[in-house]
Each structure stands twice: as structure tokens, then as C-alpha cells.
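# Results of the structural survey
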Amino acid sequence: MNKNIITLIGFMGCGKSYAGRILARELGYNLVDSDAEIERRQNKTIPQIMSETGEQGFRKIETEVLKDLLQHDFTVLSVGGGAVLNNGKLLNDGSMVFFLDTDFEKCYDRIKNDANRPLVYGKSKDEVLALYNGRMDIYKNNCHFVVKSEDSAESVKKIKEILKNY
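Here is what the cut-offs are and how they apply
Residues numbered from 1 in each chain as written. Predicted model: local features only at pLDDT ≥ 70, side-chain atom pairs only at ≥ 80, totals over all residues. Heavy atoms only, no water. Helix = DSSP H or I, 4+ residues; strand = E, 2+ residues; numbered from the N terminus. Buried < 20%, exposed > 50% of the residue type's maximum accessible area, 1.4 Å probe, protein only. Contact = heavy atoms within 4.5 Å. Arc of directions from axis to C-beta. Core = buried A, V, L, I, M, F, W, Y, C linked by side-chain atoms within 4.5 Å. Pairing = 2+ DSSP bridges. Axes fitted to C-alpha atoms, helices over the stretch in contact; angles between N-to-C directions. Parallel < 35°, antiparallel > 145°, perpendicular 65-115°, else oblique. Left-handed = near helix turned anticlockwise from the far one by under 90°.

What follows concerns the environment of Tyr139. Within the fold, Tyr139 resides in helix 6 (residues 125-141). In this structure Tyr139 comes out as buried when scored by relative accessible area, which is 1%. Separated by 99 residues in the primary sequence, Tyr139 and Arg40 place their C-alpha atoms 26 Å from one another. Discounting chain neighbours no more than four positions away, the residues touching Tyr139 are Ile9, Gly10, Phe11, Gly81, Val84 and Phe99.

This paragraph deals with helix 4 (residues 84-94). If you check which residues of helix 4 are buried, you get Val84, Asn87, Gly88, Leu91, Asn92 and Gly94. All buried residues of helix 4 fall inside an arc of 160 degrees around its axis, so they share one side. Exposed positions of helix 4 whose direction lies more than 90 degrees from the buried face are Asn86 and Lys89. Looking at the packing, one finds that the buried side of helix 4 touches strand 1 (5-9), helix 3 (46-69), strand 3 (75-78), strand 4 (96-101) and helix 6.

Moving on, we get to unusual backbone geometry. Within the chain, Asn43 stands out as a residue other than glycine whose phi angle is a positive 55 degrees. With respect to the element layout, Asn43 can be found in the loop between helix 2 (34-42) and helix 3. Backbone geometry places Phe74, a non-glycine residue, at a positive phi of 55 degrees. By the secondary structure assignment, Phe74 is in the loop between helix 3 and strand 3. Of the residues examined, Phe74 reaches a relative accessible area of 46% and is grouped as partly exposed.

Attention shifts here to the nonpolar core. Counting 50 residues, the largest nonpolar core has Ile6, Ile9, Phe11, Leu77, Leu91, Phe98 and Ile159 as the members making the most contacts within it. With 8 residues, helix 3 is the single largest residue contributor to this core. Those residues in contact with Phe98 that lie beyond four places of it in its chain are Ile6, Thr7, Leu8, Ile9, Phe145, Val147, Ile159, Ile162 and Leu163.

In strand 5 (residues 145-148), alternate side chains face the same way, and those of Phe145 and Val147 are buried while those of Val146 and Lys148 on the opposite face are not. Here 4 bridges tie strand 4 to strand 5, and the two strands are oriented parallel to one another. Within the sheet, the bridge partner assigned to Phe99 lies in strand 5 and is Val146.

Attention now goes to the packing of helix 1 (residues 16-27) against helix 7 (residues 152-164). What describes two packed helices is the angle between their axes and the distance between those same axes. At a minimum axis separation of 9 Å, helix 1 and helix 7 run at an interaxial angle of 45 degrees. When the interaxial angle is binned, helix 1 and helix 7 end up oblique. Of the two possible hands of crossing, helix 1 and helix 7 adopt the one that is right-handed. Contacts from Tyr18, Ala19, Ile22, Leu23, Glu26 and Leu27 in helix 1 reach Ser152, Ala153, Val156, Ile159, Lys160 and Leu163 in helix 7.

Treat this as a map of the structure, not an account of what it does.
So this is what it looks like as C-alpha cells:
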């Protein structure tokens, strides 16, 4: 575990990006959103990449980008909701991983109409709930710390408390 890189994982809409911005600013770390970095490097949006390569192709690109990003100390890394599916060990070995455990309803309200989320856009609430439920154990089993919170500022406060002990 590299203590100089903090990775935030969790379901889409749990607040990783927002909490990441606050945490990076307060720690004086760089912030990198892995999905934004993938889009920058591919010069395409996530929906375009998924459409062209499928989820499996996207995950391969994601793994290569994460391997590179984990080489940069003093970074808060906010990863996509599915990044741990294939990269749990990579993230855990290369960073301190915090799972932002946020209630489904809160996540769903934030993502339900977001066309930039191809795995949930146009899906029923029940389908999104099934995806959420299917990932919860994956998140819990691929992190160092679980941060239960409904608010990004509260998440940051809890993360900083944990960091004081390391």
C-alpha cells in the first residue's frame, strides 16, 4: 500500500469526484479523475469509448491508465464506479483505498438522467439497483477503509481522521 496515493472508490454518484477535489485541496495533493484522464488520452468520451470497444475494451484502457496514474505520489485518485472490478489488487497495492459507501437513493438521484454514464443511462431504477447491489461486496472487499457518509465534506473529514493514524 502506497500511503502517498489516496484512491476513492464507490458506486457512480457516491461523491468521489467532489470529495476528491476537497481532499486534494486540503492535503495539497494533485487530483486525478481516472475517467477524465481516459477521455483526455483517448480524445473521446466514455460513452464513445464504450460504444466502440464495449465494456471489456474500456476496462483494458482503464487498467493501463490506472497503472500509469499509480506512479505519481501525492495524488488523490477518483476512479470510475467499475474500476475495482478488474483493478482491485492494483489499486490496493498502489494506494490507500477508501470506499465511499453512499445510500443507493442518493447515488441514483445524482445519476439517473446522466447520459455520460452508459451503464445506467436509460435503465430502470430496478436495473440500476441490481448493479449497485452487485457491486457492494466488490467495493467492500477491495478497499482498506469504508467511509459511510451521505455528504462529501463529511467523507473528507472522516478520511482525514483515518489518515492521521497513518
